[in-house]
Amino acid sequence: MSLIADEIVRFSSVLRISYNLLTGRDYLKRKKFREKKKLISIALPFSDLVYGFPNLVPTFPIRMHTFEMHKYLTYLGSASRIFGWKNVSNFLGIIKNLNIGDVNKIIDEIINDVIDAVNNKYNEMYELGIENGVPTDFCYGIKSLYGMHVSKGKNVEANLNYTIRCSAWNKYLESLKTIENPAKQIWIDIPPRNIGNALELLTENLYDGIRELEKISGNNYDRNILRNHFQVANEIRNYYKTILYDISTLGFYPCNPATFSEILVILNNSFQDYNSNAIRYRDNMASLVKEMKERIRNKIGMDVSKMPRILITPMFGGWEPKSHEIIYELGGRAFYADWDILLLLEEIPITKISDPVEAYAHYLMNATKNGIGCDNDTLTDSYLRLARNLRADGLVFIQVFGCHSISNCYAMLKDKLRRELEIPSIALNFNRIGENIEQVKTRLGAFMEMFN
Amino acid sequence: MDNLELLSDYSSFLREKKEEGKKIIGFISHDNIPEELFDAAGFIPLRLLFAGNDEFMDASHDYLPPSTCAFAQSCIGLFSLKPNQYEFLDLIDYFIVSNHCVSDICASEIISKRFDIPRLNFYIPYTNNENSIKYFKLELLELKKQLEEINGKEIKDENLKESIKKYNSFKRKLLDFSFLNISGSEKLKILQKAILYGPFFLPELESFFEQRSDNEIQTSFNSKEVLLTGGSIFINDPLIDLVEEGGGNITFFDSWIGNNYYSQIIANDILDSIKNPYDILVHRFKNNNFGDHSVPNFLENKILQLEKIYQDHLKKTGRKLGIINHIIKFCDHISLLSSHLKNRLQEKGIQVLNLERDYSRAIRGQLSTRIEAFLEMI
C-alpha cells in the first residue's frame, strides 16, 4: 500500500492540483479550441509574463499529454463539479476510515496512478527525446523536455525562452527550432550579472518579449493586467513559503512525512505554469495551507519532531521519486525546495516598483545574481542558505547524469556544508526514473544511519 | 619541433616575460575573450590550448563528476597534476572566469579557487542582439576596471587601439597562412603555436612565408580532404595523426584553433571609423556569427557557413570535402545540435562524421576505425 495515498485523499486541494495536472490536456484543448486562446510553452517557473495577456495560456508542455488516469479519478473530477472537491475528499476519507477493502484499494490506486502517470510520462518523453536526436550525454530534464515538444509542440503558438547560466539549457531552447513546424521562439536574455545598467537592459528585453506576445495575442499589453497577475503570483509564493517555512519546520505534520514530501513534489511541478490558471492555483494553495493548519490545530497528523530533516535537491532536472518514501521508511522526513533555493519564490516587488515589467526584471535579476548565480560559489551559498533557514539535518544532492551546471557544484557544496553547517550530505546519481532504485536504497540506508 | 620542445620554449618565453615584470593572465580559450585588452594593459594572455589524457581527466574527478566536458576536466587535471612540461602554469597571476559554456565557468572557478589564482570575471551574453551587445560592452568596461585596479594605472584608449591593430595584423597573417598548401598536421602545429604565443609569433610566421616562397614548394596530396569543425584539436592531441594515418588531410580548421580565431579580423574602415576602441571589440562580438556560444541561430549560421566553404572548395578544386564534426565528450554546445547539423548537411549531399570522443587512450582504436570508414566513404 502506498504511504501517500492514505493521506493525500484528505487534502482536497492536493486532489484538485493533481487533477488539474493530469487533466491538463482537456483543459488546454478547451482553452485552445472552444475559447480560441493561444498556448505558450514555458519551462522552469517563467510563466508570469504570459499571464499579462488573458487570451494566452502558459503551459508546461507535459500537460498537453493524455495521462493514463485512473477511471475513478475521472469520476471524482465529475463528482467534484457537483459536490465540490472538499465533499469528495471528505467522502473518500470516510470510506478510507471504514477500511472497506476494495474501496481502499481503489483510492490507493488513484493516488498512486497520479504519481506513476506523471513519472511514466516523463520517462516516455525522455525516450522520445533520445529517439529524436538529443545525445545521451544530456540530462534527464532536457531529454524529456525535448520529447514533450516533439510530441506536442505543434499545439503551441510560441516557446517563451529565458536564457540562464546553463549552456545546455540555452542550446536546448535553440534546438526546439529543429522540430518539424516549430513554434515561434520568443527570447528573453537575462544578463549574467547585475553590472552597469544590466537591469535596464533586462527590462528592455522583457518589453521586447511583451511586444512579441502582443503580436501573438493580438491585444495590447496592459500593465494593470500584469500587475494584477503579479499580485496573484506573489500570493502563490507566500503560500508556498508558508508551507516550506512555517509548516515543514514544525515538529507535528498534518500528514505523514512521505505525503508531505509528495505534496512538495506536486507543488514543484505545478508551480511552473500554475496549472495554466493562476487564480485557480492561488485558491488551491490557499486551501492547502488552510487544510494543513486546521489538521495541525486538530492534532490530526503525525509527530515528526524526532525525525531528521533531509533536504533533497536539485530535483527539477530529474530525480528518483521514490527517494522521499525511502527516507521516510528509514526514519527521516524529506523536503524539496528547489524554487526557493534559486530565489524564485521571492516576491515580485510590485509594491516598491510601479512598473510591473521593471519589478519583474528586479525579481529575475535577484534570482540570477543571488539564487542561481553565475558561478558555483553563489549557487552553493544558495543551498547553504536554504539548508540553514529550513534547519536541514542532512542534504541529499541529486547528481544528474549529463547535468553540467548544477551537478558540478557538489564537491564545493559538500565542503561548505561540512565546514559551515556541519551537516552530512550524500550525492545520488540519477539517470532515469526507476532505473536505480536499489542503489538509491542502499546509499540512503547508509546515509540515514548517521542520524541514528 | 615536437610538443615537448614547444612547451619548453613557451615556458622560457613566459619566464622571460615575468622577468620583464609582465603579469600573466590564464583563461580557457574561447573566441570572445578580448586578449587585446590584456595586451594593452601590459599582461601576457595564456590560452589553455592543451589536450587532455586519462591522468588529467581522472585528476579532475575530485572536483567535478566524470560527466563533465572532457576538455574542462583536462584543464583542471593540468593544474592538479602539473607535469614538468606544464610548470609554466605556476607563472599565472590571474585567471579569467568566463562563461563560454557552463563547464568553462565551473572549471575556471575551480582552477582559481583550488589553485589559489585570483580570478577576474568576464561573462558573455548568450544572445547577440542590440541589448546583449550593450551588455557585452559593460563586461568589457568592467574587465578594464579590474585590470586597471591591478595595475594601478589607466589603460589608455590609444594603447588598446594599438593592441587591436597588432592582433588584427597577426590574424590577417594567420588567415593568409591558412590558405597555404601544406599538410594539415604541419598547418595545425603552426596554428597552435601561433595562437599560444599571439603576435609574438609574427616574425616566425613571416619567416615561414619567406622560406616557402624561396623554395616554392607545391605539395600535392593524395589524401581525402577534410574540414574539421566543432572542437579544436589542442596541443598534444593525436587526433590529426589519426586522420592522416587514415588517409585524410585536414585542409580547413573551423574551430578555436583555426578559423574562429583568424576570421575575426576587423576591417580597416571599421578600425578607422570607430573611435572608441571598446566599440571596436563590441563590433567584433556582434559579427561573431559562427562561434558556438550564441543562441538562437548558431545551427543555421553554421550550416550556411559550412555549405559555403564546401561549395567554394568544390568549385575551386573539383573535389569534395568531408566534414568531421569533432565533439569533445559532454560538450554542451557542439554535442546537442550535432545530429541536426549532420542531417541537414547530408541532405545537401555533404558527408559528415560526428566524431565524439574524450581524451582516453583506450578510445584511439575506435576513433581510427571510424575515421578510416568515413574517409573511405568520401
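The model shown is predicted, which means the values in this text are computed figures rather than measured ones. (Residues numbered from 1 in each chain as written. Chains lettered and ligands numbered in written order. Predicted model: local features only at pLDDT ≥ 70, side-chain atom pairs only at ≥ 80, totals over all residues. Heavy atoms only, no water.)

Chemist: Explain the packing of helix α15 (residues 356-372) of chain A against helix α16 (residues 376-389) of chain A to me, please; I cannot follow it from the model alone.
Modeler: Helix packing geometry: the angle between the two helix axes and the distance between the axes. Residue and element names in this part refer to chain A. Interaxial distance between α15 and α16 falls to 7 Å at its minimum, and their mutual angle equals 85°. Taken as axis vectors, α15 and α16 run roughly perpendicular relative to one another. Note on element contacts: α16 touches α15 through T378, L379, S382 and R385, opposite K369, N370, G371 and I372. Residues of the contact of α15 with α16, tallied by class, amount to two nonpolar, four polar and two charged. (Axes fitted to C-alpha atoms, helices over the stretch in contact; angles between N-to-C directions. Helix = DSSP H or I, 4+ residues; strand = E, 2+ residues; numbered from the N terminus. Parallel < 35°, antiparallel > 145°, perpendicular 65-115°, else oblique. Contact = heavy atoms within 4.5 Å. Nonpolar A, V, L, I, M, F, W, Y, C, P; charged D, E, K, R; others polar.)

Chemist: So what exactly am I meant to see when it comes to the sheet that holds strand β3 (residues 158-162) of chain A here?
Modeler: By definition, the strands of a sheet pair up through backbone hydrogen bonds, in either a parallel or an antiparallel sense. All names here are of chain A. The parallel open sheet is built from four strands, whose spatial order is β2-β1-β3-β4. The sheet is open, and its two borders are formed by β2 (56-59) and β4 (184-188), each paired with just one other strand. Strand-to-strand twist of the sheet, defined as the mean angle between neighbouring strand axes without regard to direction, takes the value 30°. As judged from the two bridges shared by strand β1 (residues 38-41) and β3, these two strands associate in the parallel manner. The residue bridging S41 from the neighbouring strand is N159, located in β3. Packed onto the sheet, helix α9 (residues 198-217) meets β1, β2, β3 and β4 and runs at close to 160° relative to β4. (Pairing = 2+ DSSP bridges.)

Chemist: Quick question: what am I supposed to make of the sheet that holds strand β3 (residues 94-98) of chain B here?
Modeler: All names here are of chain B. Spatially, β2-β1-β3-β4 is the arrangement adopted by the four strands of the open sheet, whose pairing is parallel. The open sheet has two free edges, formed respectively by β2 (43-48) and β4 (119-122), since each of these has just one partner strand. The sheet shows a mean angle of 30° between the axes of neighbouring strands, taken without regard to direction. Bridge count between strand β1 (residues 23-28) and β2: six bridges; the pairing is parallel. Counted as the bridge partner of I28 is L48 from β2. Across the sheet, helix α6 (residues 130-151) touches β1, β2, β3 and β4, and the angle it forms with β4 is around 160°.

Chemist: Even after reading the chapter, I still don't get the pairing of β4(A), so can you show me in this structure?
Modeler: For a regular strand, side-chain orientation follows a simple rule: the groups alternate between the two sheet faces. Residues and elements named next belong to chain A. Counting buried positions along β4 gives four out of five residues, so the element sits mostly inside the fold. In the sheet, β3 pairs with β4 via five bridges, with the strands oriented parallel. Directly across from L160, in β4, lies its bridge partner I186. (Buried < 20%, exposed > 50% of the residue type's maximum accessible area, 1.4 Å probe, protein only.)

Chemist: Just checking my understanding: could you explain the packing of aromatic side chains for this structure?
Modeler: Centre distance and the angle of the planes are the two values used to describe a pair of aromatic rings. Summed over all chains, the structure comprises 41 aromatic pairs over all chains. Their ring planes at 20° and their centres at 5.2 Å tell us that F230(A) and Y360(A) sit as a pair that is stacked. Here the residue F230(A) occupies a position in helix α10 (residues 223-247), and Y360(A) occupies one in helix α15, the gap between them amounting to 130 residues. Like Y360(A), F230(A) is buried. A ring pair is formed by Y10(B) and F13(B), whose centres lie 5.8 Å apart and whose planes are at 20°; its orientation type is stacked. With Y10(B) and F13(B) both in helix α1 (residues 3-19), this residue pair falls three residues apart, about one helical turn. For the pair Y10(B) and F13(B), a shared accessibility class is recorded, and that class is buried. (Phe/Tyr/Trp six-rings, centres within 6.5 Å; stacked < 30°, edge-to-face > 60°.)

Chemist: Teacher, can you tell me more about the interface of chain A and chain B here?
Modeler: Interfaces are often described in size by the accessible area the parts lose on coming together. In this assembly, 49 residues from chain A lie in contact with 49 residues from chain B. Regarding the contact of chain A and chain B, the summed buried area is about 3,900 Å², with carbon and sulfur atoms giving 57% of it. Our enumeration of links across chain A and chain B arrives at five salt bridges. Of the charged contacts in the structure, one is a salt bridge between R119(B) and D375(A), with a shortest N-O distance of 2.5 Å. Counting across the interface, chain A meets chain B through 27 residue pairs in polar contact (both at pLDDT 80 or more). Among the secondary structure elements, those contributing two or more residues to the side of chain A that touches chain B are α7 (140-152), α8 (167-175), β4, α9, α16 and α17 (410-421) of chain A. If one sorts the elements of the side of chain A that touches chain B by residue count, α8(A) sits on top with seven residues. (Buried area = accessible area lost by both parts, 1.4 Å probe. Salt bridge = Lys/Arg side-chain N within 4 Å of Asp/Glu carboxyl O. Polar contact = N/O pair within 3.5 Å; in protein donor to acceptor, adjacent residues only side chain to side chain.)

Chemist: How do you make sense of a negative patch on the surface when you look at a structure like this?
Modeler: The grouping of E154(B), D157(B), E158(B) and E162(B) at the surface amounts to a negative patch. Note on placement: E162(B) falls in helix α7 (residues 157-178). (Patch = residues over 30% accessible without salt bridge, like charges linked within 9 Å, V, L, I, M, F, W, Y side chains within 5 Å. Areas by Shrake-Rupley, 256 points an atom, 1.4 Å probe, with all protein chains shown as cover. Lys, Arg positive; Asp, Glu negative; His and termini not counted. Charge placed at Lys NZ, Arg CZ, Asp CG, Glu CD.)

Chemist: Looking at this structure, how should I read helix α18 (residues 437-448) of chain A?
Modeler: Residues separated by three or four positions in an α-helix point in the same direction, a consequence of the helix having 3.6 residues per turn. For α18(A), built from twelve residues, the straight-helix expectation of 16 Å at 1.5 Å per residue is met to within 8% by its first-to-last C-alpha distance of 16 Å. Check the buried side of α18(A) and you find it contacts β7 (309-313), α13 (323-329), β9 (394-400) and β10 (425-430) of chain A. (Expected span 1.5 Å × (residues − 1).)

Chemist: Is there a simple way to explain the pattern of salt bridges in this structure?
Modeler: Once the charged atoms of two side chains with opposite charge are near each other, the side chains can pair. Applying the stated criterion to the full structure yields 47 salt bridges over all chains. Here E235(A) ties to R282(A) by a salt bridge, and the two come within 3.2 Å at their closest N and O atoms. Separated by 47 residues along the polypeptide, E235(A) in helix α10 and R282(A) in helix α12 (residues 278-297) bring together distant segments of the chain. Residue classification places E235(A) among the partly exposed positions, given a relative accessible area of 30%. The partner of R418(A) in a salt bridge is D415(A), with the nearest N and O atoms 4.0 Å apart. Of this pair, R418(A) and D415(A) both sit in helix α17, three residues apart, which is roughly one turn of the helix. R418(A) gets classed as exposed once you look at its relative accessible area, which sits at 52%. Each of D377(A), D381(A), K416(A) and K113(B) takes part in salt bridges that share partners, so that together they form one network.

Chemist: How should I be thinking about the domain arrangement of chain A in this particular structure?
Modeler: Residues and elements named next belong to chain A. The domain boundaries assigned to chain A delineate domain 1 (5-298) and domain 2 (306-341 + 375-452). The C-alpha-based centres of domain 1 and domain 2 are spaced at 23 Å. Here domain 1 packs against domain 2, burying approximately 2,900 Å² in sum over the two surfaces, 58% of which is carbon and sulfur. Viewed at the interface, domain 2 and domain 1 are joined by two salt bridges. Between D340 and K241 there is a salt bridge whose closest N-O contact spans 4.0 Å. At the boundary of domain 1 and domain 2, one finds 14 residue pairs in polar contact (both at pLDDT 80 or more). Residue assignment for the side of domain 1 that touches domain 2 shows that the elements contributing at least two residues are α6 (101-131), α7, α10 and α11 (257-270). Residue contributions to the side of domain 1 that touches domain 2 peak at seven residues, all from α11. Split into classes, the residues belonging to the side of domain 1 that touches domain 2 amount to 18 nonpolar, ten polar and six charged. (Domains from an automatic or database assignment.)

Chemist: What exactly am I supposed to notice about the packing of α7(A) against α8(A) here?
Modeler: Residues and elements named next belong to chain A. Look at α7 against α8: their axes get within 11 Å of each other, and the N-to-C directions meet at 15°. Accordingly, the angle class assigned to the pair α7 and α8 is roughly parallel. Two packed elements cross with a definite hand, and for α7 against α8 that hand is right-handed. Facing I142, L145, Y146 and H149 of α7, the residues of α8 in contact are A168, W169, Y172 and S175. For the contact of α7 with α8, the per-class residue count stands at six nonpolar, two polar and no charged. (Left-handed = near helix turned anticlockwise from the far one by under 90°.)

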